[in-house]
Amino acid sequence: MTIEEITVIGGGTMGNGIAHVCAQRGKEVCLTDVSQEVLDQAVLTIGKNLDRQVKKEVITAADRDDTLGRIRTTTSLEEACDGVQLVVEAVPERAELKYDLFGRLDNLTAPETLMASNTSSISITAIAAQTERADRVIGMHFMNPVPVMKLIEIIRGLATSDETTAAVVALSTELGKTPVEVNDFPGFVSNRILGPMINEAVFALMEGVADVEAIDQVMKLGMNHPMGPLALADLIGLDTCLSIMEVLHRELGDDRYRPCPLLRKYVAAGWLGRKSGRGFYEHDA
Ligand code: NAD
C-alpha cells in the first residue's frame, strides 16, 4: 500500500513541520486544527521555511510553489477525514484529548484508513484501544524541527499489524527519513532518555548548581550536544516536557521520574518556551 493522501491534525509546532515534509515529498496534505489562526500561521511558517530552502538552493522556487499547492487547510475534522489514507495526529500531549480524538476519527474515516499518533510518550496501545481498528493504529514520532531531523521513531502498539507497520515504515523512507521501530512503553526510547535529562537540567537550575547558560554550555561543549538541554526544552515546549515526565512518573511508578517543581512553575506561568516567547530563555514570540 502506498500512501498518497495524508491528513495532519494539529497545526502547531509539529503539525506544520509534518505537513511541510509530506507535501514536499509529493503527498496531498490536508492540515486541520481547531483554530483558523493557527492554520494561517502554519501555512506562513511552512512558506518561510520553504523560502529558506530556496535561498540555500536545496529546492527551486517552483518546488516551493508546488509544495504549498499540495497543502489545503480546514477547521472541519469531518472534511479533513474524507477519502484520506493516513491521519497523523499532532494535538497537545494530553491523553484524554487524544483518546477522544481517536474515538471520533474511528467514526469519521474509512475503515481502511491508517491512524498514527505523533505522541511523545502516551501509550499507543491505549490510544488504539479507543478505536475498533487497533491493528491500524501506530506511533509515528517525528522529531523537532521536522524538516531537518532524520529520525522517525515508529511505535508498535500491542495490536499494531505487520501491514500497518510496513506501510508506515515505507512512507517514512519516502519522506526522506530514517524510521526506527520500537515497542510501546512509556516514553518509548527517545523520551525515556531525553525527558529525564531535561528534567535533571531543570533540577540543577532550581538547586542553584549553575545558571541557564552554564548548564547548556557544559552539555554542549562537554558532551558534544548540538544544543543544551534547557534550550532544547524551550524548543520542544515546556508543557510537552512536563507531560512527558508525568507519563513516565505515573506509568513507571518510580519517583526518579518526578517532574521538577520549577518545570511545573514555568508551565503554570505560561512560560512554555519558544512558542510563548519565554521559557528558560527569552524568544521573539
Ligand atoms: P502545539 O501545542 O504546538 O500544537 C498543538 C496544536 O493542536 C495546536 O495548534 C492546537 O490548536 C491544536 N489542537 C488542539 N486540540 C485539537 C483538536 N481537537 N483538533 C485539532 N487540533 C487541535 O503542540 P506540538 O509541540 O506540535 O505537539 C503536538 C504533539 O507532538 C504532542 O503529542 C507532542 O508530545 C508531540 N511532539 C512534540 C515535539 C516537540 O518538540 N514539540 C516533538 C515530538 C513530538
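Residues numbered from 1 in each chain as written. Predicted model: local features only at pLDDT ≥ 70, side-chain atom pairs only at ≥ 80, totals over all residues. Heavy atoms only, no water.

Student: Run through the overall build of the protein, naming residues and quoting values.
Tutor: The helix and strand tally for the protein stands at 12 helices and eight strands. Taken over the C-alpha trace, the protein has a radius of gyration of 19 Å; the compact-globule value for 285 residues is 19 Å, and the two agree within 12%. Based on the C-alpha atoms only, the size of the protein along its principal axes is roughly 55 × 45 × 30 Å. The burial tally for the protein puts 49% of its 285 residues in the buried class. The long-range share in the protein, meaning contacts at least 24 apart out of those at least 6 apart in sequence, stands at 66%. About 13,400 Å² of surface is accessible on the protein, with carbon and sulfur atoms providing 52% of the total. Looking at charge distribution, the protein has the averaged site of its 27 positive side-chain charges lying 4 Å from that of its 41 negative ones. (Helix = DSSP H or I, 4+ residues; strand = E, 2+ residues; numbered from the N terminus. Rg over C-alpha atoms; globule rule 2.2 N^0.38 Å. Buried < 20%, exposed > 50% of the residue type's maximum accessible area, 1.4 Å probe, protein only. Contact = heavy atoms within 4.5 Å. Areas by Shrake-Rupley, 256 points an atom, 1.4 Å probe, with all protein chains shown as cover. Lys, Arg positive; Asp, Glu negative; His and termini not counted. Charge placed at Lys NZ, Arg CZ, Asp CG, Glu CD.)

Student: Would you mind going over the nonpolar core in detail, with residue names and values included?
Tutor: Soluble, globular proteins show a tendency: their nonpolar side chains are buried together. Within the largest apolar cluster, 32 residues are counted, with the highest numbers of intra-cluster contacts made by Ile 6, Ile 18, Leu 86, Val 88, Met 140 and Phe 142. In terms of residue count, the dominant contributor to this core is helix H1 (residues 13–24) (six residues). When neighbours within four sequence positions are excluded, Val 88 is seen to be in contact with Ile 6, Thr 7, Val 8, Ile 9, Ile 18, Ala 116, Met 140 and Phe 142. Formed by 20 residues, the second largest nonpolar core is a distinct cluster that contains Ile 198, Ile 215, Cys 260 and Tyr 266. (Core = buried A, V, L, I, M, F, W, Y, C linked by side-chain atoms within 4.5 Å.)

Student: Summarise the sheet that holds strand S2 (residues 28–32); cite the residues concerned and give the values.
Tutor: The eight strands lie next to each other as S3-S2-S1-S4-S5-S6-S7-S8, forming an open sheet whose pairing is mixed. Whereas interior strands pair on both sides, the edge strands pair on one side only; in this sheet they are strand S3 (71–74) and strand S8 (178–183). Ignoring strand direction, the axes of neighbouring strands in this sheet form an average angle of 25°. Note that strand S7 (residues 151–156) and S8 share six bridges and pair parallel. (Pairing = 2+ DSSP bridges. Axes fitted to C-alpha atoms, helices over the stretch in contact; angles between N-to-C directions.)

Student: Which residues make up the site of the ligand, and what values do they have?
Tutor: Close to the ligand lie 22 residues, the nearest being Asp 33, Glu 93, Lys 98, Ser 120 and Ile 236. Within the side chain of Asn 118, an N or O atom sits 2.9 Å from an oxygen atom of the ligand. Contact distances for the ligand include 3.4 Å between an oxygen atom and a side-chain N or O atom of Lys 275. Considered on its own, the ligand offers 840 Å² of accessible surface; in the complex 88% of this is hidden by protein. Of all the secondary-structure elements, those providing two or more residues to the shell around the ligand are H1 and strand S6 (137–142). Considered class by class, the residues forming the shell around the ligand number nine nonpolar, nine polar and four charged. (Near = heavy atom within 4 Å. Polar contact = N/O pair within 3.5 Å; in protein donor to acceptor, adjacent residues only side chain to side chain. Nonpolar A, V, L, I, M, F, W, Y, C, P; charged D, E, K, R; others polar.)

Student: So, unusual backbone geometry: which residues are in play, and what are the values?
Tutor: Residue Pro 145 is bonded to the preceding Asn 144 through a cis peptide linkage, with omega at -5°. Here Pro 145 shows up in the loop between S6 and S7. The phi torsion at Glu 57 lies on the positive side, around 60°, for a residue other than glycine. Within the fold, Glu 57 resides in the loop between helix H2 (36–55) and helix H3 (61–69). Residue classification places Glu 57 among the exposed residues on the basis of a relative accessible area of 72%. For Asn 224, which is not glycine, the phi dihedral falls at a positive 65°. Along the chain, the position of Asn 224 falls in the loop between helix H9 (212–223) and helix H10 (229–236). By relative accessible area, Asn 224 is classed as exposed at 68%.

Student: Outline the domain arrangement of the protein, supporting the account with residue identities and numerical values.
Tutor: How big an interface is tends to be expressed through the accessible area that disappears when the partners come together. When its domains are assigned, the protein resolves into domain 1 (5–182) and domain 2 (191–268). The C-alpha centroid of domain 2 is placed 26 Å from the C-alpha centroid of domain 1. Counting from both sides, the interface comprises eight residues of domain 1 and, opposite them, seven residues of domain 2. Where domain 1 meets domain 2, there are zero salt bridges. Put simply, domain 1 and domain 2 have three residue pairs in polar contact (both at pLDDT 80 or more) between them. For the side of domain 1 that touches domain 2, a count of residues per class yields two nonpolar, five polar and one charged. (Domains from an automatic or database assignment. Salt bridge = Lys/Arg side-chain N within 4 Å of Asp/Glu carboxyl O.)

Student: Can you break down the environment of Leu 108 residue by residue, with the values?
Tutor: Inspection of the secondary structure puts Leu 108 in helix H5 (residues 95–108). Once the C-alpha coordinates of Leu 108 and Lys 275 are considered, the two residues, 167 residues apart in sequence, prove to be 31 Å apart.

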